[in-house]
Amino acid sequence: MVSVSRRSLLAFGAALPVLGHLNWAHAGPAPAPSDTLRLNYNESPYGPSASARDAMQRAITAAGRYPYPHMYALAALFAQQQGIAEEQVAVFAGSMAALRYAVLAFTSPTRGLVMPTPSYEVPHQSAQAWRAPVREVSLNAEHAHDIPAMLAANPQAGMLYLCNPNNPTGTLTPTEAIRHALANKPKGSVLVVDEAYIDFCDAPSCVSWVTDHDDLLVLRTFSKIYGMAGARVGLAIGHPALLERLAVFGGDNVPAGASLMGAQASLEDIRLLPRRKALNAQARDETIAWLKGRGFTCTASQSNCFMVDLKQPAEQVVERLAAHHVLVGRVWSNWPQWMRVTVGNKHEMARFREVFAAQVEPVS
Ligand code: PLP
């Protein structure tokens, strides 16, 4: 087993799920030299766009001022682009923070959390720390969220968490099923839809629904398609009264002005999204097709990560690839033969295939 120290992961600059409860055995291998392929944190291989980098550099001179005007400007721009009111948008230093505050605001020891599995573990970890009961519901046969089972899981639930597309599978849950969840969830609960990866796919967003539903919170991030994971900018979108409940826990946890200005420049660059979406889809689909050609099953990802069924203990494969400087994973304990792969750029995926082919026998 490759050992992973907390310090080494932090030095690596990773957006870590949670320090207190992370299963370090599953967190991925230690960092290696600069030629190491980092396909293990669903980061963007492209980084901030040119206009975002320019804006961030210009912003340095304004670092003597509090960043609030930039925060309001970003919220206003996003709201305008989405056709919602700017009071329905709150900015946080990363969507992970907003998600944690949502768990604190909407769950309690008597009002639990219902979420899918495998999925993004942060809400589970936060609820556990808060002593709120957690019901995890397996994905269905299509690897979508099993909405009927989630609705039945806990009639006292305070929060239902959906991740669309889901991390780690990259799979989508049909919009109608999400609407059904919103209409039929336990009384007094809040539906939280995490759209960290929505811009990689063609599925409609739930953002505009917040206008008609005061019990829906949608999360967005600049960490993924916009390539700004290290800048820490996330959005919570919902009724102002709902956002107020999050703000109690960390309304002052706002990104630096440079991050906010970089995020704003990213939204203004309307050619950025389609270009990155196409690059990602091409690299992803090429790699999935190649893996399938070697007999492996992959999830039907519409995102920048997918899972591959290795038909053998996945942790061992993660370690073998890491020994050749290809960092992939994590592995979810209830899918022990599957490993997550983040989609890098074309060259990175070519190298991934090369190392994978040398380390993992095809399945006959
Ligand atoms: N939500 C999901 C589903 C994620 O996968 C991640 C990061 O991997 C986040 C939220 C956290 O994003 P941020 O970098 O904005 O905190």
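Below: a short report on this structure. (Residues numbered from 1 in each chain as written. Predicted model: local features only at pLDDT ≥ 70, side-chain atom pairs only at ≥ 80, totals over all residues. Heavy atoms only, no water.)

To continue, consider the overall build of the protein. Tallying secondary structure elements over the protein gives 12 helices and 12 strands in all. Taking 2.2 N^0.38 as the reference for a compact globule, 364 residues should give roughly 21 Å; the C-alpha atoms of the protein span a radius of gyration of 20 Å, in line with that estimate. Summarising its shape, the C-alpha atoms of the protein cover approximately 55 × 50 × 35 Å along the three principal directions. In the protein, buried positions account for 57% of the 364 residues. (Helix = DSSP H or I, 4+ residues; strand = E, 2+ residues; numbered from the N terminus. Rg over C-alpha atoms; globule rule 2.2 N^0.38 Å. Buried < 20%, exposed > 50% of the residue type's maximum accessible area, 1.4 Å probe, protein only.)

For the rest of this paragraph, the subject is the nonpolar core. Core analysis: the largest hydrophobic core is formed by 46 residues, its most contacted members being L74, V91, L191, L216, F222, L235 and I237. Ranked by residues supplied to this core, first place goes to helix α3 (residues 68-82) with 6 residues. Ignoring anything within four residues of it in the chain, the contact list for I237 reads F78, I84, Q88, V207, V210, L216, L217, V218, R220 and L243. By size, the runner-up hydrophobic cluster in this structure holds 28 residues, among which are A90, V103, M115 and A127. (Core = buried A, V, L, I, M, F, W, Y, C linked by side-chain atoms within 4.5 Å. Contact = heavy atoms within 4.5 Å.)

So, about unusual backbone geometry. For the bond running from N167 to P168, omega is 20 degrees, close enough to zero to count as cis. Here G329 and R330 are connected by a cis peptide whose omega angle stands at 25 degrees. With respect to the helices and strands, the residue R330 is situated in the loop between β11 (326-327) and β12 (338-342). Here the phi dihedral of R131 falls at roughly 60 degrees; this positive angle occurs in a residue that is not glycine.

Quick look at the layout of surface pockets now. When its volume is computed, the second largest pocket comes out at roughly 290 Å³. When contributions to the lining of the second largest pocket are tallied by element, the ones reaching two or more residues are α3, β2 (89-92) and α8 (240-250). Of the residues in the lining of the second largest pocket, the class split is 10 nonpolar, 1 polar and 3 charged. (1 Å grid on protein atoms, 1.4 Å probe; cavity = no way out; pocket = protein on both sides within 12 Å on 5 of 7 lines; lining within 4 Å. Points joined across faces, edges and corners; volume = space filled by probe spheres on them. Nonpolar A, V, L, I, M, F, W, Y, C, P; charged D, E, K, R; others polar.)

Once that is clear, we can look at the site of the ligand. Around the ligand, 14 residues are found, and the nearest of them are D194, Y197, T221, S223 and R232. Note that an oxygen atom of the ligand is positioned 2.6 Å from one of the side-chain N or O atoms of S223. Note that an oxygen atom of the ligand is positioned 2.7 Å from one of the side-chain N or O atoms of R232. Those elements that provide at least two residues to the shell around the ligand are α4 (95-106) and β5 (159-163). (Near = heavy atom within 4 Å. Polar contact = N/O pair within 3.5 Å; in protein donor to acceptor, adjacent residues only side chain to side chain.)

Moving on, we come to the environment of S189. As for its position among the elements, S189 is in the loop between α7 (175-184) and β6 (190-194). A C-alpha to C-alpha distance of 4.3 Å links S189 and G158, two positions 31 residues apart in sequence. Those residues in contact with S189, other than ones at most four positions away along the chain, are R111, A157, G158, M159, L160 and D215.

For the structure shown, the criterion picks out 8 aromatic pairs. Plain terms: the ring middles of W290 and F356 are 6.0 Å apart, the flat faces sit at 75 degrees to each other, and that makes the pair edge-to-face. In this pair, W290 is assigned in helix α10 (residues 272-293) and F356 in helix α12 (residues 346-359), connecting sequence segments 66 residues apart. A residue is classified by how much of its surface remains accessible, and W290, at 25% relative accessible area, is partly exposed. Measuring from centroid to centroid gives 5.4 Å for F296 and F356, while their planes differ by 80 degrees, and the two rings are edge-to-face. Taken together, the positions of F296 in the loop between α10 and β9 (297-298) and F356 in helix α12 put the pair 60 residues apart, joining distant regions of the chain. (Phe/Tyr/Trp six-rings, centres within 6.5 Å; stacked < 30°, edge-to-face > 60°.)

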